[in-house]
Every structure is written in structure tokens, then in C-alpha cells.
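Residues per chain are reported as follows:
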Amino acid sequence: MFRRFVLAFVTLLLIVSMVPTAYGQGPVTVKLWMHVHPPRVALDEELIAQFEAENPDIDVEYTTVPDQEWDTALATALASGGGPDLFNQATFAMGDFYNQGILAPIDPVAAGYADVQAIFDAYSFGDSLLAGAVFDDVLYGLPTELSTYACYANDDLWAAAGLDPATDFPSTWEELKDVAEQLTIRDESGALVQRGFDFHWGNSIFTLLIFNPMVQQLGGNMIDEVNLTASIDTPEVRQVMGYWNDWVNTWKLGGPQYEIDRTAFLAGNLATDCDFGNWGVPQMVDAGINYSIHPQPRWAEAVSNNAMATYAYFFMVNSGASPEVQAAAWKLAGFLTDHPQEYFDVAGLFQSKKSFVESEAFAENEIMPIFLQEMGVSLYHPRIPGFFEVADALMRGRDRIIVGGESMDVVLPELEQEVNDILARAAAR
Amino acid sequence: MQRRQIWGLFFVLPTVIFFAIFFLYPIVSGLLFSLTDFTLLRPPEWVGLQNYADLLKDRLFLKSISVTLGFVLGTTVPVWILSLLAAKVFYQRFAGREILKVLFFAPVLPSLVVVAIVWRILMNPSGVMTTLLRPFTGLGEIDFFNNPTLSPISMILINDWTTIPFYMLIWLAGLTGIPLELRDAALVDGANRWQSFLRIELPLLRPTAVFVAAISTINAFQAFTLQYAISPGRGGPIDVNTTMGLLIWKYGFQFYRMGDASTVSVVLFALILIVTILQLGLSRGEQYSLE
């Protein structure tokens, strides 16, 4: 009886001890979230199926989230303790994510590289373009899409004004004003029928994607992302703000009251637009616009050759995921970012992998070298906690001056204080 | 407990559960979140009443109160009066009344987002509205949405355009409920139409008035959609359209300040509660009944 009891006990012990072993050997599931970009989704699914076939120990749960719901859906999922293990995050809110300890440092070996340096070496302009996911000298992501803006000219509207973009496109902001005047058409009442050029006024993030780079060209910088301080009441900001203000109120060449520049350009009501990325090409084709692409203007007395801000999407791994899941997630990220040519051809998404940039196909591309050249000399927008709140405050300050007619002497010091307060509060959270 | 009471509870239970999950739980959660520092990205941390103290120094919040009160004023009193007037017009018999009534009611049917898009096109600086007003203004362009003075007025006008027909229908139902005999008796006694309206109809419309006032005020306090869909930069320019409803969204989902967003929503809830209680209190007094 005793022997039977011992035998049964040992058998039970064996079975119980085998359960976690068997469980531990089961496939690891990686929850991957991407925003909806229809041309990319089919390619994602195809590559994920290939990855799962090559890695039977890893299951991938692929979820797409509409772009406009992304921030809310991701934040609420993370708040509830769930959310994705691997996600495709834009650089805008990345400062908040880093500040809240959500991001896991990259695991280079799991991602298929010898070490972190090998990742930087694998990308053209690796130091400047991967900087979007570097915090305190640690890399936290692999880029899925790198972007900056260049200028698109509607060649037909330019020709109608007797101008040729190939020879007449302005290289400075000062020249742009003169060219824009030649391209502007007004009706008998003085109302603008066609704008020569206009800025993007409708969304606050453009204060950091366009306005601040213009300040940086002059040697200033509104936001110090390392020390989290603002320098807004400066001669450089005054010069750029003065230019934007004159654009609206003195030269009357455009302004926030008009149709958003991108929409107007695609409708043929704007001759030049400087905030489309390379992803704008299919939209030009659909709209039937005969276009050419040109580098951004700089100031005549610019001290920095930067164009508009670089921004990007990066694969990032949730620091709350288990080490096995994190490793599997980086492996998947490494695999998916190893197909830059396919993502560019199918979805128009640019990754500056040397294997792609140094290929014949890239060299033959008519527009990408311009974008890559601009990216190479540009800087990322500030990746700060409270990014959207700072942008909102900057837009409010801009509008107080340009729309409300308040003096820069009053607004800029107040704005600087307000942004400093926002940065201090966001950093303390 | 009697068998009958148990069955009663059983039948009420689904509603109670639904209310508890979808109303009570969010309200209590919101109240609790307002006492925390909650970034959405990390679990909330208890801070007591700090968020409420901070709000008193928050310029954006203080401005949102004045913006909201302005919007409430512009979308309640004029709406009550104009919708009642419209109801009085449609209460009369005239040729084509039913067709006109349907046309008048049409703005209520599309969603507010669609209304916003249509009006954004119509009120383009050199759009249809500018053209219609040109004989009076002489202006080639009118900046309806980016002018800090015109913009809130434009929001109010668009809102009133879409809500007046709805409240007109409520008033019309109230007017229809008043027996003709009472008006006839007043006329026989020498009352003119104005006196009949003032002394007979208006007192008997008190329950309708209370309903219209309460619902329109609550809706106005919760204003969000138009400001979100039309105003430049969502709430601009210079935050002249940042209502408390919009500020809650900004704080919670744009700035990752869910604790502050919850605090604003609690304050908004309290404001609506106070105003509604005041309205109900003022509506008491001499009651008129048809019985």
C-alpha cells in the first residue's frame, strides 16, 4: 500500500513538474500594433507569415489601429496594463513614452545585429536618422518610416505665371516671398484666388516641424530637449515670427484663415507647398498635379543648413513585456525592417538602410535623393515630454501675435515662461 | 420579502446592472481619477485635492469656463426664444405648412460633424456667406473662424441653426397639448392674441419650458463637436473656442493629463448640476394644470 502510494505521489510530482516545462517550451506570442496604412498592411501580413514559418516558436498577434485613434488606443491599453509588446510609434509623443519608462532598450543580438554600433552602421546617416529613438545615448527603436519635408511646385501654375521651377525656385525665404507674389492671383475684390506659397497653419505640431527649424537655421532653438528648457524670447524667434506675421498681415500672401495648404495644393489652388514628404507623390499623381520637387529654402544669412524637422516612426518594445517576449519582439522588428525596398515600393515608406540606399534602384529614383539629402542635414523635432502641450502653447502664442495683433514684446516672454512651466511639469510626471 | 417584490427586483436588475456598469462606474472612476496624477501611460498616483488647487491657477481652464459660459449664453436664451417663435409660426395653419416644417427640421437630421464640414465650406473666407454678405459689408473676404471675435459667434450661429428646429418641435408638442377651448374662452373674454399667449399659453407651457431649458443648457455646457471639428487648431484661435468639453479631451487624450481631465470633468459635472437645480428651482412656484 505504502509503495503504491509513493509511486502515485512520485508520478503526480513528475506530471506537475512537467507542466511548467511544457508551458515554457510553448510558442511566445508577440502582440504587434501598427497604424492603418492600407498599402503597408498586406505586406506586413505577408512578411509576418514568413517570419512565423521561419520561427515556429514565435506567434505574432497583428493589430492595426486607425491613425486618428492611435494615441488614445495605445495610451489606454498601456494604462490598463495590457497593450502591445511591439508597436510602431511616431517620434512626436516619444518623449512622453521615454519619460514614463515604457520603452525597452534595443536588444541588438535579438534584432539580428552584432551590437548597437552595427545597427547605426547599417543605416545611411545612421547617427542623425536613428537619433529619433536615442535617449541618453541608448537606442530604443528601429525605424519603419523616416520623413522630412521638401517643396513641391505645381509646374503648370508656375508656367502660367511665366516661371520655371527648375531655374526660378527660390533658395532663400527672402526670395520665396518675391516668387510667391508673382504666383499669387487675387480677384477684383482683393480676395485670394490662388496662393503662391503658404505655411501649414492648422495643426500645432507644425510650430515644431516647420517654425522651429526656421529658427534653427538662424542659430536659435526654441526647445532644448536635453535640459528641457525653452528659449523663445530671442532675436531668431522674432525674425521668423516677423516673417510669418508679414506673410499674413503685411504681404497678405496667405494665413490660417485659408484652406489647409496641402488640400489647396492638391486642389490646384496653391502653387508651392513645402510640407509634403516623399509619401506625397501618390497624392500628386491621383490629383493629376504636374509637379517637381525642390529643397527647402534657407535664410540668406543662415548659420545652419538644416531643412525642416525630421520625424519618423520606430518599432518600439514595451518594457512591461517579459524578457522572452521582448527578445522575440526585437527579432520580429529586425526581420520586418530588413525589407526596406519592399516597404518603399509597396507602401512608399522610406527606411535609410544602406542595403537599399546604395542600390541601383534607389539611385535611379528621381525624388528620393532630394529627401535623403534634406534628412541628412536636418534635425529631429524636439522629443520632449509634453510635446503636444508645448506645440499647443506655441501655436497659441503665434496666433496671439499674428491673428490677435499682440506685440511680440508682450507675448514672447510670456510664452517662454509658459513653455518652461509645461516642460517642468511634464518632466516631473 | 414578498414573491411579487422579488420578481420586481428581478425585472429591474438588468437596467440596474447596465446603469452601474456604464454610468455609475465611469462617474465614480472619474471622481477617483480626479484625485490622482494619471498620465494614461502609467498607473495613477494619489495626489488628493492637488489637481483642484492647480486648476485655480490654470489659465487654460479659467479661460475655458468663460468660453463655455459664453457659448451657453449664446445657445440657450436665443434658442429658446427663436424656437418658440418658430413653433408659434408652425402652429398656425397655412398653405405648405407641412413641407416647410420638414425643410425647417432638416438641419437636425445630419450629424453635427457633417454640419460642421458643410458650414466650414460655406463660411470659407471667400465662400458663399461672404458673397451673400458682400452687399452689406463690401468685403471680399470674411474670416469667420480665425478672427478671435467672429469665431465664437460663428460657432454659436451654427449651433443655433441646427438646434432651433429640434426645440421648435418640442414647443410645438407643448402648444398642441393646450386645449383650444382655453384660447377661445380668453378671446371671448376680450383678450387679444398677445395677452392670450402671455396669460394662457406661456403658463401652460411651463413644463415644456423647463424641459427645453434644462436639455439645451446641459447640451451647451457639454459643447465639443463643433469646436473640435471646425475651430482652427481645435479650440483656437487663441483658445477662444476651447470649451470645457474640448479641454477635457485635450488634457486627457492629447496631453496625457488624465488626472487633470477628470478634474475638469468633475467641475463641469458640478456646474451643470448647480445650473440644472437652479433652473428647476426657478421653474417652481405657481403651477398651472389642465385638470
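Definitions and cut-offs
Residues numbered from 1 in each chain as written. Chains lettered and ligands numbered in written order. Predicted model: local features only at pLDDT ≥ 70, side-chain atom pairs only at ≥ 80, totals over all residues. Heavy atoms only, no water. Helix = DSSP H or I, 4+ residues; strand = E, 2+ residues; numbered from the N terminus. Buried < 20%, exposed > 50% of the residue type's maximum accessible area, 1.4 Å probe, protein only. Contact = heavy atoms within 4.5 Å. Lys, Arg positive; Asp, Glu negative; His and termini not counted. Charge placed at Lys NZ, Arg CZ, Asp CG, Glu CD. Pairing = 2+ DSSP bridges. Axes fitted to C-alpha atoms, helices over the stretch in contact; angles between N-to-C directions. Phe/Tyr/Trp six-rings, centres within 6.5 Å; stacked < 30°, edge-to-face > 60°. Lys NZ or Arg CZ within 6 Å of the ring centre and 35° of its normal. Buried area = accessible area lost by both parts, 1.4 Å probe. Salt bridge = Lys/Arg side-chain N within 4 Å of Asp/Glu carboxyl O. Polar contact = N/O pair within 3.5 Å; in protein donor to acceptor, adjacent residues only side chain to side chain. Nonpolar A, V, L, I, M, F, W, Y, C, P; charged D, E, K, R; others polar. Domains from an automatic or database assignment. Disulfide = S-S within 2.5 Å. Parallel < 35°, antiparallel > 145°, perpendicular 65-115°, else oblique. Left-handed = near helix turned anticlockwise from the far one by under 90°. Expected span 1.5 Å × (residues − 1).

Participant: Just to check I follow, could you spell out the overall build of chain B for this structure?
Facilitator: A count of helices and strands for chain B gives 13 helices and two strands. When burial is assessed residue by residue, chain B has 41% of its 291 residues classed as buried. Counting contacts in chain B only where the partners sit at least 6 residues apart, residues at least 24 apart contribute 65% of the total. Where the 20 positive side-chain charges of chain B centre and where its 16 negative ones centre are 3 Å apart.

Participant: Explanation requested: the sheet that holds strand 3 (residues 86-90) of chain A in the structure shown.
Facilitator: In any sheet, the strands associate via hydrogen bonds between backbone groups, in a parallel or an antiparallel arrangement. All names here are of chain A. Pairing is mixed across the open sheet formed by five strands, whose spatial order is 2-1-3-14-6. Of all strands in the sheet, those bounded by a partner on one side alone are strand 2 (58-65) and strand 6 (142-147). Strand-to-strand twist in this sheet, taken as the mean axis angle between neighbours without regard to direction, amounts to 20°. Examined bridge by bridge, strand 1 (residues 28-35) and strand 2 share eight bridges and lie parallel to one another. If you follow Val 30 over to strand 2, its bridge partner there is Val 60.

Participant: Hey, could you run me through the packing of aromatic side chains in this one?
Facilitator: Ring pairs (aromatic) are described by centroid distance and by the angle formed between their planes. A full pass over the atoms with the stated rule returns 53 aromatic pairs over all chains. With a centroid separation of 5.6 Å and 55° between ring planes, the pair formed by Tyr149(A) and Tyr311(A) is classed as tilted. Placement of the pair is Tyr149(A) in the loop between strand 6 and strand 7 (150-154) and Tyr311(A) in strand 14 (residues 311-317), with a sequence separation of 162 residues. Judged by relative accessible area, Tyr149(A) falls into the buried class, the value being 2%. Taken together, Trp173(A), Phe197(A), Phe199(A), Trp201(A), Phe211(A), Tyr243(A), Trp244(A), Trp247(A), Trp251(A) and Trp299(A) form an aromatic cluster joined through their ring pairs. Residue placement shows Arg383(A) over the ring face of Phe135(A); its charged tip is 4.3 Å from the ring centre. Here the guanidinium or amino end of Arg257(B) rests over the ring plane of Tyr251(B), the centre of that ring lying 4.1 Å away.

Participant: What is the right way to read the interface of chain A and chain B from this model?
Facilitator: Interface size is commonly expressed as the accessible surface area that is lost when the partners come together. In this complex, chain A contributes 32 residues to the contact, which on the side of chain B involves 27 residues. Carbon and sulfur atoms supply 56% of the area that chain A and chain B bury against each other, a total of about 2700 Å² over both sides. Its largest share of buried area at the contact with chain B, chain A owes to Gln100(A), Gln257(A) and Arg429(A), together 21% of the area lost on that side. Run the count over chain A and chain B and you get four salt bridges. In this structure, Asp239(B) and Arg396(A) form a salt bridge, with 2.7 Å as the shortest nitrogen-oxygen distance. If you look at where chain A meets chain B, you find eight residue pairs in polar contact (both at pLDDT 80 or more). Mapped by element, the contributors of at least two residues to the side of chain A that touches chain B are helix 3 (70-79), helix 4 (94-99), helix 19 (387-402) and helix 20 (408-428) of chain A. For the side of chain A that touches chain B, the leading source of residues is helix 19 of chain A, giving seven residues. Of the residues assigned to the side of chain A that touches chain B, the class counts are 13 nonpolar, eight polar and 11 charged.

Participant: Whenever I open this one, the domain arrangement of chain A confuses me. Can you help?
Facilitator: Residues and elements named next belong to chain A. Considered domain by domain, chain A is made up of domain 1 (28-148 + 310-377) and domain 2 (150-309 + 385-428). Between domain 1 and domain 2, the residue contacts involve 21 residues of the former and 25 residues of the latter. Of the roughly 1800 Å² buried where domain 1 meets domain 2, counting both sides, 58% is carbon and sulfur surface. Area buried by domain 1 at its contact with domain 2 is led by Phe 92, Phe 371 and Glu 374, which between them contribute 33% of it.

Participant: Help me understand the environment of Leu271(B), please; the structure alone is not making it clear to me.
Facilitator: All names here are of chain B. Within the secondary structure, Leu 271 is located in helix 13 (residues 258-283). Here Leu 271 falls in the partly exposed class, since its relative accessible area comes to 23%. Along the sequence, Leu 271 and Phe 221 sit 50 residues apart, while their C-alpha atoms lie 8.5 Å from each other. When near neighbours in sequence (up to four residues on either side) are disregarded, Leu 271 contacts Phe 221 and Met 244.

Participant: Got a minute to help me understand the state of the cysteines in this structure?
Facilitator: Simply put, disulfide is the name for a covalent bond between the sulfur atoms of two cysteines. Residue and element names in this part refer to chain A. Within the structure shown, the criterion is met by one disulfide over all chains. Cys 151 shares a disulfide with Cys 274; S-S distance 2.0 Å. Disulfide Cys 151 to Cys 274: torsion about the S-S bond roughly 105°, handedness right-handed. Placement of Cys 151 in strand 7 and of Cys 274 in strand 12 (residues 270-276) is noted, with a sequence separation of 123 residues between them. Both residues of the pair, Cys 151 and Cys 274, count as buried.

Participant: Is there a simple way to explain the packing of helix 5 (residues 112-122) of chain B against helix 7 (residues 150-176) of chain B in this structure?
Facilitator: A packed helix pair is summarised by two numbers, namely the angle formed by the two axes and the spacing between the axes. Residue and element names in this part refer to chain B. Between helix 5 and helix 7, the least distance of the axes is 11 Å, while the angle of their chain directions is 130°. Here helix 5 lies oblique to helix 7, going by the angle between them. When the axes of helix 5 and helix 7 are compared, the crossing they make is right-handed. Each of Leu 112, Val 115 and Trp 119 in helix 5 lies in contact with helix 7, whose residues at this interface are Ile 158, Trp 161 and Thr 162. Across the contact of helix 5 with helix 7, the residue classes break down as five nonpolar, one polar and no charged.

Participant: Please explain helix 14 (residues 323-336) of chain A as it appears in this structure.
Facilitator: Every α-helix winds through 3.6 residues per turn, so residues three or four apart in the chain are directed the same way. All names here are of chain A. With 14 residues, helix 14 extends 20 Å between its outermost C-alpha atoms, agreeing within 8% with the 20 Å of an ideal straight helix rising 1.5 Å per residue. In terms of burial, helix 14 is largely enclosed, as 10 of its 14 residues are buried. Here helix 14 has its buried residues at Val 325, Gln 326, Ala 328, Ala 329, Trp 330, Leu 332, Ala 333, Gly 334, Phe 335 and Leu 336.

Participant: Would you take a moment to explain the pairing of strand 12 of chain A for this structure?
Facilitator: Along any regular strand the residues' side chains alternate between the sheet's two faces. Residues and elements named next belong to chain A. When you tally the buried positions in strand 12, you get seven out of seven residues, the bulk of the element. As paired elements, strand 7 and strand 12 share three bridges and run antiparallel to each other. Paired with Tyr 152 across the bridge in strand 12 is Asp 273. In the sheet, strand 9 (residues 192-197) pairs with strand 12 via two bridges, with the strands oriented parallel. Among the inter-strand pairings, Phe 197 is bridged to a residue of strand 12, identified as Thr 272.

Participant: Any chance you could explain the packing of helix 2 (residues 38-54) of chain A against helix 15 (residues 340-347) of chain A here in plain terms?
Facilitator: All names here are of chain A. Contact geometry of helix 2 with helix 15 gives a least axis separation of 8 Å together with a crossing angle of 145°. Judged by the twist between their axes, the crossing of helix 2 over helix 15 is right-handed. Along its contact with helix 2, which presents Pro 39, Arg 40, Leu 43, Asp 44 and Leu 47, the element helix 15 presents Glu 342, Tyr 343, Val 346 and Ala 347.

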